[in-house]
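Fold and contact review
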Amino acid sequence: MQKGIIGKKIGMTQIFDANGKVVPVTVVEAGPCPVTQKKTMENDGYESVQLGFQDVKVERLTKPLKGHFAKADVAPKKVLKEFRLSDISGVNVGDVIKADIFAVGDMVDVTGTSKGKGTAGAIKRWNFSRLKETHGTGPVARHAGSLGACSDPSRVYKGKKLAGHLGHEKVTVQNLSIVKIDAENNLIAIKGAIPGPKGSYVVIKDTCKKA
């Protein structure tokens, strides 16, 4: 069965494996995540479960969300994410998903929001090559170059790679291995770096592979 959980990035550190080698890891506070909604093929046309993470004051909720949590008889949560799993027959509203749903050696995909980097040029943002710096190029070596619109259609096509806002985008890093699990404190140590600054929320999903 596929597995998934919501977590918060604590930061990076390093641990030593059984052979004494240093392993860089990212520590994530994963769960506990109560099941706040269950969607079925009969009612919704597909199967999924919705998980909540981190307590929030009732005063900060909208009326629809208050009713949503009241219907599920679950304490209000700050973050809600939906997981489309292959089999949800064993999951019910009110069940609590914790870090021990995973095991050491599991391979996971981690989705988060990348760190904001402000306004960036085409070279930094899209990996463009710089122009030549001789034979009349002028002081535009790091510019994007011609946009190629000409007189027809006399505009820039939507989606053109240009300078602009870099970061704050949804990023998924795949096939990361779980190195250590602290079930008592709901902590998961994942080998390598994951997207997002410290304190940001991430979604961890099982890739159904082993390291």
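Preceding block: the structure.
Notes on the structure in this doc start here. As the structure is a computational prediction, the values presented were derived from the model and not from experiment.

**Here we look at the overall build of the protein chain**
The helix and strand tally for the protein chain stands at three helices and twelve strands. Over its C-alpha trace the protein chain gives a radius of gyration of 23 Å, far above what one expects of a compact globule, namely 17 Å for 211 residues. If you line up the protein chain on its principal axes, its C-alpha atoms span 70 × 50 × 35 Å. Within the protein chain, buried positions represent 36% of all 211 residues. Here the protein chain displays about 13100 Å² of accessible surface, and carbon together with sulfur accounts for 50% of that area. Distance between charge centres in the protein chain, computed from 34 positive and 20 negative side chains, equals 11 Å.

**A closer look at the layout of surface pockets**
Put simply, the largest pocket is a space of about 290 Å³. Lining the largest pocket are 14 residues, with K81, T111, G112, K170 and V203 sitting closest to its centre. Among the elements of the structure, β5 (77–83), β7 (106–113), β10 (170–182) and β12 (201–210) are those that each provide at least two residues to the lining of the largest pocket.

**What about the side chain of K77?**
With respect to the helices and strands, K77 occurs in strand β5. Residue class for K77 comes out buried when judged on its relative accessible area of 12%. Side chain to side chain, K77 and D55 meet in a polar contact 2.4 Å long. Contacts of K77, omitting those with residues within four sequence positions, involve P34, G52, F53, Q54, D55, V56 and F69.

**Observations concerning the sheet that holds strand β3 (residues 33–39)**
Overall, antiparallel pairing links the four strands, which are arranged β5-β4-β3-β6 in an open sheet. The open sheet has two edge strands with one neighbour each: β5 and β6 (96–97). Here β3 pairs with strand β4 (residues 48–55) via four bridges, running antiparallel. Its bridge partner being in β4, K39 is matched across the sheet by S48.

**Some points on the pattern of salt bridges**
Here the structure, examined in full by the defined rule, presents four salt bridges. When the shortest N-O distance is used, the salt bridge between E82 and K39 registers 3.2 Å. Of this pair, E82 sits in strand β5 while K39 is found in strand β3, placing the two residues 43 residues apart along the sequence. Overall, the relative accessible area of 31% leaves E82 in the partly exposed class. In this structure, K77 engages D55 in a salt bridge whose closest nitrogen and oxygen atoms are separated by 2.4 Å. One end of the pair, K77, is in strand β5; the other, D55, is in strand β4, and 22 residues separate them in sequence.

**As for the packing of aromatic side chains**
Tallying each qualifying case throughout the model produces one aromatic pair. Measuring from ring centre to ring centre gives 6.0 Å for F53 and Y201, while their planes differ by 80°; the resulting arrangement is edge-to-face. Taken together, the residues F53 in strand β4 and Y201 in strand β12 connect sequence positions 148 residues apart. A relative accessible area of 3% places F53 in the buried class. A relative accessible area of 25% places Y201 in the partly exposed class.

**Focus on the nonpolar core**
In this structure, V108, V110, I190 and I204 are the most contacted members of the largest nonpolar core, which totals 27 residues. When near neighbours in sequence (up to four residues on either side) are disregarded, I204 contacts K3, G4, I5, V28, F83, F102, V108, D109, V110 and I190.

What counts and how
- Residues numbered from 1 in each chain as written.
- Predicted model: local features only at pLDDT ≥ 70, side-chain atom pairs only at ≥ 80, totals over all residues.
- Heavy atoms only, no water.
- Helix = DSSP H or I, 4+ residues; strand = E, 2+ residues; numbered from the N terminus.
- Rg over C-alpha atoms; globule rule 2.2 N^0.38 Å.
- Buried < 20%, exposed > 50% of the residue type's maximum accessible area, 1.4 Å probe, protein only.
- Areas by Shrake-Rupley, 256 points an atom, 1.4 Å probe, with all protein chains shown as cover.
- Lys, Arg positive; Asp, Glu negative; His and termini not counted.
- Charge placed at Lys NZ, Arg CZ, Asp CG, Glu CD.
- 1 Å grid on protein atoms, 1.4 Å probe; cavity = no way out; pocket = protein on both sides within 12 Å on 5 of 7 lines; lining within 4 Å.
- Points joined across faces, edges and corners; volume = space filled by probe spheres on them.
- Polar contact = N/O pair within 3.5 Å; in protein donor to acceptor, adjacent residues only side chain to side chain.
- Contact = heavy atoms within 4.5 Å.
- Pairing = 2+ DSSP bridges.
- Salt bridge = Lys/Arg side-chain N within 4 Å of Asp/Glu carboxyl O.
- Phe/Tyr/Trp six-rings, centres within 6.5 Å; stacked < 30°, edge-to-face > 60°.
- Core = buried A, V, L, I, M, F, W, Y, C linked by side-chain atoms within 4.5 Å.

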